[in-house]
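Coordinate inspection notes
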Amino acid sequence: MELWNGVRGKKEHERLRDLDERLPRLPITDAVWEVPCQTARHARSCGVTVPSNDLVIFACAKTYGVPIEHVDKHYDLLQRL
């Protein structure tokens, strides 16, 4: 969703569609869903505010043990918490 929200133009749309078809899906189960809720509370107690979508992506990656390729300071902040 976050990537699709940033798509500009036909070329980016085609590239993302191709990538989207090849990437595996990681289910957001009840167990996964608890992680962003806990992480959000912890981040806020440390004075850090992170967008909800970043919290969900971070939690999903953490739960499944996969890296996040990003250019987003929020993931670096979350990793340090």
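Let me sum up the structure you'll find in this document. Here the structure is a predicted model, which is why all the values come from computation and not from measurement.

Definitions and cut-offs
- Residues numbered from 1 in each chain as written.
- Predicted model: local features only at pLDDT ≥ 70, side-chain atom pairs only at ≥ 80, totals over all residues.
- Heavy atoms only, no water.
- Helix = DSSP H or I, 4+ residues; strand = E, 2+ residues; numbered from the N terminus.
- Contact = heavy atoms within 4.5 Å.
- Buried < 20%, exposed > 50% of the residue type's maximum accessible area, 1.4 Å probe, protein only.
- Core = buried A, V, L, I, M, F, W, Y, C linked by side-chain atoms within 4.5 Å.

Points about the environment of Ala-59
Topologically, Ala-59 is positioned in helix H4 (residues 52-64). The sequence separation of Ala-59 and Glu-34 amounts to 25 residues, and the corresponding C-alpha distance is 8.5 Å.

A word on the side chain of His-74
Tracing the backbone through its elements, the reader meets His-74 in helix H5 (residues 73-80). With residues up to four places along the chain from it excluded, the contact list for His-74 reads Thr-49, Val-50, Pro-51 and Asp-54.

A look at the environment of Leu-78
Note that Leu-78 resides in helix H5. Given the relative accessible area of 3%, Leu-78 is considered buried. As a C-alpha pair, Leu-78 and Phe-58 span 20 residues in sequence and 7.7 Å in three-dimensional space. Ignoring sequence-local partners within four residues, the contact set of Leu-78 consists of Thr-39, Val-50, Asp-54, Leu-55 and Phe-58.

Observations concerning the nonpolar core
With seven residues, the main nonpolar core is built from Ala-43, Val-48, Val-50, Leu-55, Phe-58, Tyr-75 and Leu-78. For this core, the secondary structure elements donating two or more residues are H4 and H5. Filtering out sequence-adjacent residues up to four positions away, Ala-43 remains in contact with Val-48 and Leu-81.

Honestly, it's all geometry; don't read function into it.
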